[in-house]
Every structure is written in C-alpha cells, then in structure tokens.
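Chain and residue survey
Each chain, written out:
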Amino acid sequence: MAVKGLKTKDQHIINLANIVNSPRSILYQKEDLLAYDCDGFTIHKHLPRAVVFPKNTEEVARLVKYCHEHDLPFLARGAGTGLSGGAIPLNGEVIISLVRMKKLLSVDLENRRAVVEPGFVNLKLTNSISDKGYYYAPDPSSQYCCTIGGNVAENAGGAHCLKYGVTTNHILGLEVVMPNGEIIEIGANGIPDAPGYDLLGLLTGSEGTLGIVTKITVRILKNPEAKQTVLAYFDKVADGSQAVSDIISAGIVPAALEMMDKTAIEGVEAAAFPVGHPKDIEAVLLIEVDGISAGIDEQINEILDVCKKRNVREVKVAQDEAERGRWWANRKTGFGAMGAISPDYLVQDGVIPRSKLPIVLERINQISEEYGLRISNIFHAGDGNLHPLVLFDARIPGETEKALAAGSACLQVCADVGGTITGEHGVGIEKREEMRFVFKDEEIIAQTDIREVFNPKNLLNAGKLFPTPGRCVEIKKEMKAASTAAN
Amino acid sequence: MVTADLVNELKMILPEERIGENHELDHPLGNSGKVKVCPETEEEISKLLNYANLNGKTISVVSGGTKRGFGGLSENNDLLLSLENYKGIVEHTVGDMTLTVKPGTSFKELQDYLAKHNQKIALDPAWPEDATIGGIIAANESGPKRLGYGSSRDAVIGLRVVYPDGQVIRAGGKVVKNVAGYDMNKLFIGSMGTLGVLSEVTLKLRPLPKYESLILLSFPEGKSDEMKSFAVKLLDSMLEPVSLELLSPSLSEKLTGEKLYTLVIAFEDVESSVHYQEDMVKKMKPFEAKLEIYKREKAQEFWNAFYKNGPNGARSSSTNETEASLKVGVVNLDVLEIVRESELLRDSHNLVVEAHGGLGHGLCQIHVRGAIGDVESAIKHLRESAEKNNGYAIVKHLPYSLRQKVNVWGDNPSYFFLLQGIKSKIDSNGIMNPRRFVGGI
C-alpha cells in the first residue's frame, strides 16, 4: 500500500516509507535529519539520507533487503549515546532506528533469562525485574537511556564489570538481520555453547558492521544479598593507584573499583551531583563490594586497612542506600560534569595492565602539559580502563584538532605499556587510525576478512572500526587474493 | 607422495629431531597423521603450516590428546602436529592477574603453579593432568563451576594464532577489557583447531577462594518434584553457589557411595560467608533429602575424583566395550529431565551411564559404555530428548569407526553458510583439522 502525504520525489524514500507503512515512520527532510547527523561523538557530523523506524523484525529485514538490492548504504541506530561515532552516517546512510522496537518480550526468572527487543533501554530491564530481586548486570553510565541493542553492538561495559563482566558475558542468544535481509537466530532459546563457531561472541562488539540485532536473550542475575560502598580520599595519586593494586592482590574481587583525579573531582563537584569531595586531594576511590552479607564486613575491613597503609586521608563507608546512590550519581555523571568546568571535552577509553597505572597517569600529565590542555581522569581502575577527558574550547581555532591529538597521544601511551585503545566505547570513527597502535596490517585484514563473510557488499555501516587502508594493506590484500586464486 | 618423502621434505624446513614417522597410525580414535611433528617454537609451527598450505598437506592437531575422540572424519591426515613439547608459562603478571602460556601446558601444572600465588584460572575442565590449555580453549571446555565463573570464552583475553598460511595473528591482548576491533578471540575458542593453531593463550585469573565447601544433597527415588522445587528456591535465593550440579544415581554412587540423585552445591568465599550459606541450605532443604557437607580438602578430593570421570582420549581404554560421551545443552532446569532420561538408559539399553548437569547453566555431560549398537541407539535417544526440549546434543567422545555412522555434531544450523564462509576465508585450502567440526568443516 502506498503511503500518502510524503513531500519528496526521492523514489527510494517513497519505497522505504511503504515498507514501514506510515509517513510517521520515516524522516527525510533536512531539519528532521539534523538530529541524526552524529551520536555521542560530536566532532564528526554527516546527514543521513533518511531515518526509518521499523516496528518489527520483518520490517527491518525488508528495509535491509531493499537497501541491499539497491546498493544504498545503511546502518542501525539505538539511542545514539555511542561515544566513538559508530552511528554517524558517514556515507549518507539510511538510518534504521530501532527505538520503536522497545518491548520486553519475556522474562524467565527460574532460568534467569530475559528476551528484549534492541530498542529496550538498559536500565528498564533492571527496573522491570528488581521487585523480584533480579537485575541485568552490564551498567554503562548512560544506562538510563542507552539501548540493549546498542550495548550488544558496542559490547558495552560499565562500572560493575570488574566482577560481573561486560555485555558479551551476558548475551545468550540473538536474532539478527543479515546485511542481505536474511534473518538468522543464534543461541536459540538462550542455550549456551551452540555447536559451531561462536557467532554470538563475534557479533557482540562488532559495532553494527556484521548484522542488525533484532532480538536479544540476556542472562539476568539475582541481586546480591548485601552491598557496601566506600569512598577513600588520597593526597597522592600514586597512593591511590597502589591501593587499587593492593585491594586486588588481597584476593578481593570488588564489584566496582573506580577512581577520579583532581581535575575530575573539580568537575563533578561543580556539576549537578556534588557530594562534598575535598578539593585539595589528588585522587578519590569509589569501591563497592557485594555478595553474601556474612562475608562483606570482613572484606570492607580489609579494604580499609589497605587504604590506611597507603596513607589515605579519609575513608568512609556509605551509611545507607541514599548515600550510596548520591556517590554513584556523582561518579556516573562524571563525563557530563566536565561541561561545568570546560566548554568542550573529549573522552578517551584506553585500557592498561593495572600495574602500569602510576606510570601511565604520569605520562598523561605530561601530555596535558605538552598540549596545553587540561586532562581529567575518571576511570574503572579495577580493570585498568582509563577515561582521560581532554578539556578544550572548540571556539578557539585549532583547539579541537589539538584535543584530538592529545587524546590520541593518551591512547598511544596505553598501547605502549601493553594495553589497548578502547575498553568499552568502541572504535567507531574516532579511533580508526589508532587501531594501528595495537594491530599490524595483517591483523586488520584478518578482521576485514571476517566482515566480508557477513557483509560482503559493505553497505552496512561502512567506514567504521578499521583504518582507511594504507597502500601497503591494499597491495597485501591484492597479493593475497592473487595467491588464493592461484591455489 | 610416500611418507618417507614427506619426512625428507619436512627435514628441509624443521630440525630433524622434531619429525618422525608416526607408528601410531590406525588409532581407534582417528585424528592421526602419517608423519608426527612436534614443534618447539611458534616459528616452527608457522613454517610447518606454511609448507602444508602451499603443498596441500592436511594436518591433525593434538596436544594432551584427551579430546582425540571429539569429532573428526579423518582417520589419518598427512601430518600429526603435536604440541606436547610446546609448553610452559610465557608471562605471569601477578599484580595484573593475567597469565600467558603456550598451548601444550597441562591444566594441572598451571593451577599448581598459580596456587603458589593464591591465584587460579577460573575453569574446571575434566582430566586436568592430561588436558592442556590449548585443547581446553580449542574445545571451549567448562565444568560444573561454570555457574560461578563462566567458561573458556569468559576466561580468555588474548590469543596468538598461527593461520594456515603461517602468519601469526594476535587477537585480544593482555588487558581484561578490550573492544578494539572484532572480538576475534571468540572465533578461535571452541573452533576445534579448524582455523589455525593457538600458539599462545592469555587468560585472566581470579584469586583462590579463602575457603570452600560443598554440600551433597541426595534425593530418594520418586522425589524429583521436591528436587526441582528445591533447586528453584535455591536459585531464587541470594545464595551464591559456584556449582549446582545434579549427579545421576550411578555417578553419585561412584563419587559418594550413595546411589541417589545428588545435587552438588559448592560455595567458595570467605569462611564466614561459606558457613552462612551452608546454614541457609540446611534450612531450605526438603525433609526427604539427605545432606552432607564436605569441607576444604574433602571438597577438593571430591572434585579431583569428579574430574577423572568419563572417557579420556589420551588413555587407552581398558574395556572392549564402546565408550561415548555426550554434551547436551538445554534450558537450565530442563537438565533435570535430561539427567533422568540418561539414567533410564541403563535399563532400557543395558549400558553403564554416568551423567551430570548444571541447573544454573543448562549443560549436561553424559558418559555411556556398553555394546556398540546400544551406545549408538542411546545417542539417538538422547539427541531426541534434547531436541524435544529445544536443545542440542553433541558427541564429545566416540571411536573413529562409529563417528562415520553417527553425526556427532547434529544437524547443521540454519546459518551454516556463515560457518563455511569463515572457514574458507581463513583456511581456503582446508588443511587444518579437515572434517573435524560441524557439518564437516
């Protein structure tokens, strides 16, 4: 049935509108498209050709099939909270927005699993089952608005993945629309270890380049019986770093172990959720232990001892859930809080072996001085996942470029000490070139080879994740193709 | 080419002492090779693969050999690449709790070493003395404690893989969180050696628990409803068992002396927490069930005996009977039904059956032994039961001759074309463990 009331002559848009069967399920005019020209990474912008809002898997499949057959670039988008530009329509893509596929399809508490549509918001899952004492573990800071589909694409982490793992450890099954429109189901019924290569693991974190996820079976967990949260203030950042290592060495696996440095503290205290951190300390640790009530006090006492040995100035345990909530709000809104002390900021996402923390923080300090830009650090210290925030003012000509270069330099430091360039935000557009810090050409080709199996026309989210092929990569690829053909 | 010529060619690229004609041909479990090569460096593996790839030579990969009966429709490939001498710890960063090892290292050796640092790999595979880390990862092994700690795919953070053309590709890294590029680790974990040779494995570690115990809760015949409601209640409580494994009566008899359905509920935490949880279970326990607690060493002894169950491809079988082992995956609580169905096979098929399954993760292992026809029929029966419960059954151990008749991996999934696509992209000449995996990949 032809949709009426469209103000366009673009036949593709008319045909796409017919698939979603409503003029209200497609955007195509410039003023409407502007909201979709970037995601949480705002430095690059590009307008999509259209944004369509399918209601179900079949519509997604038909849209994808149409794009595939007509060679139209396309990509999937959730809430658009991604921080690396994975949902930016670099090639004027048709954006398939999954926000209207937001149902919680089923919950099976006895078998600890739930099935959701990709547009279902992360925190809503926990809120839907918390009255029964259950929750969904991955908790990115944007969990109040980010979607589980987006979490799968990015293999999202969060503050509590130190103990509970990241998204990939909680995904049991996926329904996927392949880049040619075919629908497949992997991990049927949420049963683990389906025979064959681990496509669940491969798709999770593939940044929307291998397929579009339309249904997700996740593992849910029982709430821990008890939880205690500690704040520890250190005069020296080195002492704070050492305390992190000591806690882990003591055989404690905290649920979360977060750190903020002096500049970050200045930011969070100036923003919407101040909690009264002293302004003259170099580091604050936010430590959470959860589990069986009978064992918690012992672990908290051990943590307090460790902090004292490392010259902590003050250490306190949250007295109630309200206080705990305030501390976490202060931490989880930390990125946005930088807006209170800087017109713009760029967030980075390097990971390092935990033991290298002091030396890396020192190097980041030097980078800050070299570039003349303040860099604050908010990070998941327990698993070595740093978030250096480069503060800058985009109105000053050249400062954006300088901030990007400083961010990249921080990632180089992480790579140099044996770490990596992203722990949970993904590569997207932002860190494509930095992929070369950690992978050689052959290793990048090994990955694009896999993309070709799933997405041979490369119409789905092209230009993401991998560096623009250098001349040598292209030649190697040609040579490989030639030798394969010869065999 | 005759074998002697192949040996001579290999001697041109590798030290002579690494190569020998394989006199163990016609192994009852197959997956062998005419010439056995035991490389000692990654470079040697790379040279060997490159040679094989250019010359169309097929390779069987073996390490500890415990999984030699796991899949495979080739009795002998051209080469048997054994990783038995490619072993040892490459790097253990105690403070970072990461460990990098060569694939031929036995699991027990690793755990014994790590225990000195109060750390462990959070996996509990079968036959830890014989099984090597390379094989465990290649088969994505896990044990009853998967409920608490996850499986191989949750423990591995980095791999070095020698591709069939000899190139070394790194996946992941040495940090515990990493989303740079595709999660290529996942592709190789559980790939049964069909994509390349794992030349280095990096794992994240966990601290050794400060205390452990396990509760054995045995249920008399006919009390399966009580058992199920207890399990549901336990899973719905805030207790944190690291295993909730159901043993079939015959397996329970062997391990505990009680021929009853038995739940193995393990706790690992600080001592006060473990005791608290033991008390909670005592309160929750149904009247009919018999409860016994094994503490510390006794718990460890139980587990040591537990892991030495079922067929082991590395040790020649002392019996003339046919041995098989199945892995059945179902939705968590359906494990109860699968374990029960398995037990029934004892009488209906006149077999020795030992089965266990995890009520918190849905995976069952069923070992059967008896006359060849009965074993074959039991496999068919168990697969039907699994499928009736919307699950799957694969056969993890079976003699080579029987693997010709029984499709050990079951039917191909609907997305089989993707598995084929991956295989042909990475191993375009099909030299690595050909026909070992799903659908003859």
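Across its full length, chain B holds 15 helices and 19 strands. Each of the 441 residues in chain B was classed as buried or not, and the buried ones make up 59%.

If you tally the helices and strands in chain A, you get 17 helices and 18 strands. Against the compact-globule benchmark of 23 Å for 487 residues, chain A has a radius of gyration of 23 Å, which places it among compact chains. By principal-axis analysis of the C-alpha atoms, chain A measures approximately 70 × 55 × 55 Å. By the burial criterion, 56% of the 487 residues in chain A qualify as buried. Counted over contacts in chain A with a minimum sequence separation of 6, partners at least 24 positions apart contribute 71%.

Below, the discussion takes up the domain arrangement of chain A. Here the domain parsing of chain A yields domain 1 (11-97), domain 2 (104-222), domain 3 (224-341), domain 4 (343-377 + 384-438) and domain 5 (441-486). With seven residues of domain 4 of chain A at the contact, the number on the domain 5 of chain A side is five residues.

What follows concerns the packing of helix α10 (residues 293-309) of chain A against helix α10 (residues 271-284) of chain B. Here α10(A) crosses α10(B) at 175 degrees, and the two axes come no closer than 7 Å. Comparing the axis directions of α10(A) and α10(B) gives the class roughly antiparallel. The segment α10(A) lies against α10(B), with A:A294, A:G295 and A:E298 engaging B:S272, B:S273 and B:Y276. For the contact of α10(A) with α10(B), the residue count by class is two nonpolar, three polar and one charged.

Turning to the sheet that holds strand β2 (residues 50-52) of chain A, a few remarks are in order. Two strands in a sheet stick together by hydrogen bonds in their backbones, pointing the same way (parallel) or opposite ways (antiparallel). Residues and elements named next belong to chain A. An order of β1-β2-β4-β3 is seen for the four strands of this open sheet, with the pairing classed as mixed. The open sheet terminates on both sides in strands that have one partner only, identified here as β1 (26-27) and β3 (74-77). Here β2 pairs with strand β4 (residues 94-97) via three bridges, running parallel. Of the residues in β4, the one forming a bridge with V51 is I95. Contacting β2, β3 and β4, helix α3 (residues 57-69) runs over the sheet at an angle of about 170 degrees to β4.

Counting residues at the interface gives 67 residues for chain B and 77 residues for chain A. Those elements that provide at least two residues to the side of chain B that touches chain A are α6 (152-155), β9 (168-172), α7 (185-188), β11 (206-207), α8 (224-236), α10, β19 (392-397) and α15 (416-426) of chain B. Ranked by residue count, the leading element in the side of chain B that touches chain A is α15(B), at five residues.

Time to look at the sheet that holds strand β12 (residues 211-219) of chain B. Residues and elements named next belong to chain B. Strand order in this open sheet of eight strands is β15-β12-β14-β13-β17-β18-β16-β19, and the pairing throughout is antiparallel. Each having just a single partner strand, β15 (290-295) and β19 make up the two edges of the open sheet. Each adjacent strand pair in this sheet contributes to an overall mean axis angle of 20 degrees, direction not counted. Judged from the nine bridges that link them, β12 and strand β14 (residues 261-269) form a sheet pairing that is antiparallel. Across the sheet, residue L214 finds its bridge partner in β14, namely A266. Packing of helix α12 (residues 335-349) onto the sheet brings it into contact with β13 (243-247), β16 (322-329), β17 (352-358) and β18 (363-370), and relative to β17 it is tilted by some 180 degrees.

The phi dihedral of A:N21 falls on the positive side, at around 65 degrees, and the residue is not glycine. Turning to its location among the elements, A:N21 is positioned in the loop between α1 (11-20) and β1. Judged by the 14 C-beta atoms lying within 10 Å of it, A:N21 falls in the partly exposed class. The backbone of B:R435 sits at a positive phi, close to 60 degrees, despite the residue not being glycine. Of note, B:R435 is situated in the segment after α15. Assessed through the 17 C-beta atoms surrounding it within 10 Å, B:R435 is described here as partly exposed.

The next subject is the environment of A:P140. Residue and element names in this part refer to chain A. Relative to the helices and strands, P140 resides in the loop between β7 (134-135) and α5 (148-154). Judged by C-beta crowding, with 24 C-beta atoms within 10 Å, P140 ranks as buried. In this structure, the C-alpha to C-alpha distance between P140 and S241, residues 101 residues apart in sequence, is 23 Å. Those residues in contact with P140 that sit more than four places away from it in its chain are N122, C146, N151, A156, G157 and G158.

Its domain assignment divides chain B into domain 1 (3-85), domain 2 (89-207), domain 3 (211-306) and domain 4 (322-403). Computed from C-alpha coordinates alone, the two centres of domain 2 of chain B and domain 4 of chain B are separated by 28 Å.

Here the focus is the packing of helix α8 (residues 237-249) of chain A against helix α13 (residues 357-371) of chain A. Residues and elements named next belong to chain A. Interhelical geometry of α8 versus α13 gives an angle of 145 degrees and a closest axis separation of 9 Å. Along this stretch, α8 crosses α13, giving a crossing that reads as right-handed. Contacts between α8 and α13 pair V237, A238, S241 and V244 from the former with L357, P358 and L361 from the latter. Tallied by class, the residues present in the contact of α8 with α13 amount to six nonpolar, one polar and no charged.

Time to look at the pairing of β14(B). All names here are of chain B. With nine of nine residues buried, β14 is to be regarded as a mostly interior element. Going residue by residue along β14, you find Y261, L263, I265, F267 and D269 tucked away on one face and T262, V264, A266 and E268 tucked away on the opposite face as well. Here β13 pairs with β14 via five bridges, running antiparallel. Pairing of L246 across the sheet is with L263, part of β14.

What counts and how
- Residues numbered from 1 in each chain as written.
- Chains lettered and ligands numbered in written order.
- Predicted model: local features only at pLDDT ≥ 70, side-chain atom pairs only at ≥ 80, totals over all residues.
- Helix = DSSP H or I, 4+ residues; strand = E, 2+ residues; numbered from the N terminus.
- Buried ≥ 20, exposed ≤ 12 C-beta atoms within 10 Å, placed from the backbone.
- Rg over C-alpha atoms; globule rule 2.2 N^0.38 Å.
- Contact = placed C-beta atoms within 7 Å.
- Domains from an automatic or database assignment.
- Axes fitted to C-alpha atoms, helices over the stretch in contact; angles between N-to-C directions.
- Parallel < 35°, antiparallel > 145°, perpendicular 65-115°, else oblique.
- Nonpolar A, V, L, I, M, F, W, Y, C, P; charged D, E, K, R; others polar.
- Pairing = 2+ DSSP bridges.
- Left-handed = near helix turned anticlockwise from the far one by under 90°.

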